[in-house]
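# Observations on the model geometry
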Amino acid sequence: MGNPGTFKRSLLLSALSYLGFETYQVISQAAVVHATAKVEEILEQADYLYESGETEKLYQLLAQYKESEDAELLWRLARASRDVAQLSRTSEEEKKLLVYEALEYAKRALEKNESNFAAHKWYAICLSDVGDYEGIKVKIANAYIIKEHFEKAIDLNPKDATSIHLMGIWCYTFAEMPWYQRRIAEMLFASPPSSTYEEALVYFHRAEQGKTYLKLHNKKLAALWLTKARDYPAHTEEDKQVRRNRSS
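Residues numbered from 1 in each chain as written. Predicted model: local features only at pLDDT ≥ 70, side-chain atom pairs only at ≥ 80, totals over all residues. Heavy atoms only, no water.

If you check an unreviewed UniProt entry, the chain appears there as Regulator of microtubule dynamics protein 1 from Callithrix jacchus. Among the UniProt annotations of the chain, the heading Subcellular location (unreviewed entry) holds the following wording: "Cytoplasm, Cytoskeleton, Spindle pole". (UniProt positions renumbered as here; feature names shortened; annotations may be inferred.)

## Structural notes on the packing of aromatic side chains
Summed over all chains, the structure comprises four aromatic pairs. Looking at Arg79, its charged tip hangs above the ring of Tyr50, at a distance of 3.6 Å from the centre. (Phe/Tyr/Trp six-rings, centres within 6.5 Å; stacked < 30°, edge-to-face > 60°. Lys NZ or Arg CZ within 6 Å of the ring centre and 35° of its normal.)

## Observations concerning the pattern of salt bridges
Note that side chains of opposite charge can pair when their charged atoms are close. Enumeration according to the criterion identifies seven salt bridges in this entry. The salt bridge involving Arg76 is made with Glu72; its shortest N-O contact spans 2.6 Å. Taken together, the positions of Arg76 and Glu72, both in helix 3 (residues 71–85) and four residues apart, correspond to about one turn of that helix. Accessibility expressed as a relative area gives 9% for Arg76, which makes it buried. Judged by its relative accessible area of 30%, Glu72 falls in the partly exposed class. In this structure, Asp129 and Arg82 form a salt bridge, with 2.4 Å as the shortest nitrogen-oxygen distance. You can see Asp129 sitting in helix 5 (residues 117–134) and its partner Arg82 sitting in helix 3, a full 47 residues away along the chain. Residue Asp129 is classed as buried on the basis of its relative accessible area, which comes to 12%. The class of Arg82 is buried, set by a relative accessible area of 11%. Through salt bridges with shared partners, a single network forms among Asp47, Glu72 and Arg76. (Salt bridge = Lys/Arg side-chain N within 4 Å of Asp/Glu carboxyl O. Helix = DSSP H or I, 4+ residues; strand = E, 2+ residues; numbered from the N terminus. Buried < 20%, exposed > 50% of the residue type's maximum accessible area, 1.4 Å probe, protein only.)

## Considerations on helix 2 (residues 55–63)
All of the buried residues along helix 2 are Thr55, Leu58, Tyr59, Leu61 and Leu62. Looking down the long axis of helix 2, one finds its buried residues gathered within 165 degrees of arc, a one-sided arrangement. (Arc of directions from axis to C-beta.)

## Points about the packing of helix 5 against helix 6 (residues 136–156)
Helix-helix packing: each pair is described by the crossing angle between the helix axes and the interaxial distance. Across the interface, helix 5 lies against helix 6 with an axial gap of 8 Å and an inter-helix angle of 165 degrees. The angle between helix 5 and helix 6 falls in the class roughly antiparallel. For the pair helix 5 and helix 6, the sense of crossing is left-handed. Facing Phe117, His120, Lys121, Tyr123, Ala124, Ile125, Leu127, Ser128, Gly131, Asp132 and Glu134 of helix 5, the residues of helix 6 in contact are Val138, Lys139, Asn142, Ile145, Ile146, His149, Phe150, Lys152, Ala153 and Leu156. (Axes fitted to C-alpha atoms, helices over the stretch in contact; angles between N-to-C directions. Parallel < 35°, antiparallel > 145°, perpendicular 65-115°, else oblique. Left-handed = near helix turned anticlockwise from the far one by under 90°. Contact = heavy atoms within 4.5 Å.)

## Focus on the confidence of the model for the chain
Considering every residue of the chain, the mean pLDDT works out to 79; 69% of them sit at 70 or more. For the chain, helix 11 (residues 219–231) is the element with the lowest average pLDDT, namely 48, and helix 4 (residues 92–112) is the one with the highest, namely 97. Predicted confidence for residues 228–233 stays below pLDDT 50, and this span has five contacts to residues more than four positions away or in other chains. (pLDDT = per-residue confidence, 0-100.)

## Quick notes on a nonpolar patch on the surface
A contiguous nonpolar patch, built from Ile136, Trp179, Tyr180, Ile184 and Leu188 and spanning about 540 Å² of accessible area, is present on the exposed surface. The element that contributes the greatest number of residues to the nonpolar patch is helix 8 (residues 179–188), accounting for four residues. As for its position among the elements, Trp179 is in helix 8. Assessed through its relative accessible area of 69%, Trp179 is described here as exposed. (Patch = residues over 30% accessible without salt bridge, like charges linked within 9 Å, V, L, I, M, F, W, Y side chains within 5 Å. Areas by Shrake-Rupley, 256 points an atom, 1.4 Å probe, with all protein chains shown as cover.)

## Looking at the nonpolar core
With 51 residues, the main nonpolar core has Leu58, Leu62, Phe150, Met167 and Trp170 as its most contacted residues. Within the residue set of this core, elements represented by two or more residues are helix 1 (4–51), helix 2, helix 3, helix 4, helix 5, helix 6, helix 7 (161–175) and helix 9 (197–207). Summarising the domain contributions, this core has at least three residues from each of domain 1 (38–133) and domain 2 (158–231). Apart from the residues within four sequence positions on either side, Phe150 is in contact with Lys121, Ala124, Ile125, Leu166 and Met167. (Core = buried A, V, L, I, M, F, W, Y, C linked by side-chain atoms within 4.5 Å. Domains from an automatic or database assignment.)

## Things to note about the environment of Thr90
Looking at the secondary structure, you find Thr90 in the loop between helix 3 and helix 4. Judged by relative accessible area, Thr90 falls into the buried class, the value being 12%. For Thr90, the residues in contact, after removing those within four places along its chain, are Val84, Ala85, Lys95 and Leu98.

## A few points about the environment of Lys137
Summarising the element assignment, Lys137 is placed in helix 6. For the pair Lys137 and Phe189, spaced 52 residues apart in sequence, the C-alpha to C-alpha distance is 8.9 Å.

## What to know about helix 4
The first and last C-alpha atoms of helix 4 sit 30 Å apart over 21 residues, in line with the 30 Å expected at 1.5 Å per residue. All of the buried residues along helix 4 are Leu98, Val99, Ala102, Leu103, Tyr105, Ala106, Arg108, Ala109 and Leu110. Those residues of helix 4 hidden inside the fold are in contact with helix 2, helix 3, helix 5 and helix 6. (Expected span 1.5 Å × (residues − 1).)

Written as C-alpha cells, this is what we have:
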C-alpha cells in the first residue's frame, strides 16, 4: 500500500488544481462579459454620434478601436472613415487615404463576420469608392464583386432599404452606360457587367416602401412612412446634398 501522506498531498493538489481551473473559468467568463459590455457601450455612443451628424467626433471615437476584432465596430469605422472623406474641408490627399482606410476596415469586418449584412454593404460601397482611383479596368472588374456583396446584404437583411436602393443604382448605372464605355468594357471583359432599367426599377420600388404601401392602398401606413422619410435627419454632408437636390 502506498504512503498515506503522499496520497493526501496528491488529493489536495488535485483539488487545488480543480479550484484553480474553476476560478480561471469564472475570470475568463467575466472578462468576456466585460469586453462585450464595453463594445456595446462604444456602439451606443457611435450610433448616437451618427444620428446627431457628428461625423468627425464619430470617427475620432471609433479610430481608437481600429484594432478591434468586432465586425459591428469595424463596419461603423469604415462608414465613419468614408463620411469624413466626403466632407468638403477634407483635402484630396486626405480623402484618398480615408477611402482606402475605409475599405480596409470594411474588409476586416467581413472577415470577422460574413453573416453581417452591414459588413457586406459597406464593403461594396467602399470598394466602389476605391474604383475612382484605380482606373476603368479595375472599376469594371470590381463591379461584379460590388453586386455580389449588395445581393448578399439584401439576402441577409431583406428589409434594409439602403442596400436595395444601392443595388438599384448599380443596375441603373450599367443600364445607362454610354456606348463607348460599353465598348471599352467589351474589349476588357468577355462578358462585362450589364443590367436594364426595368431591373433597376424593381429595386427602387422595393426600396421606396412608402410608394409600395400606396400601391397596396394602405394610405395611412404610407403617409406614416413618407412623413418619416421626410423628417429623417441628414446624417452626413452627402445626405444633406441629396436632400437639397430633392427639394430643388
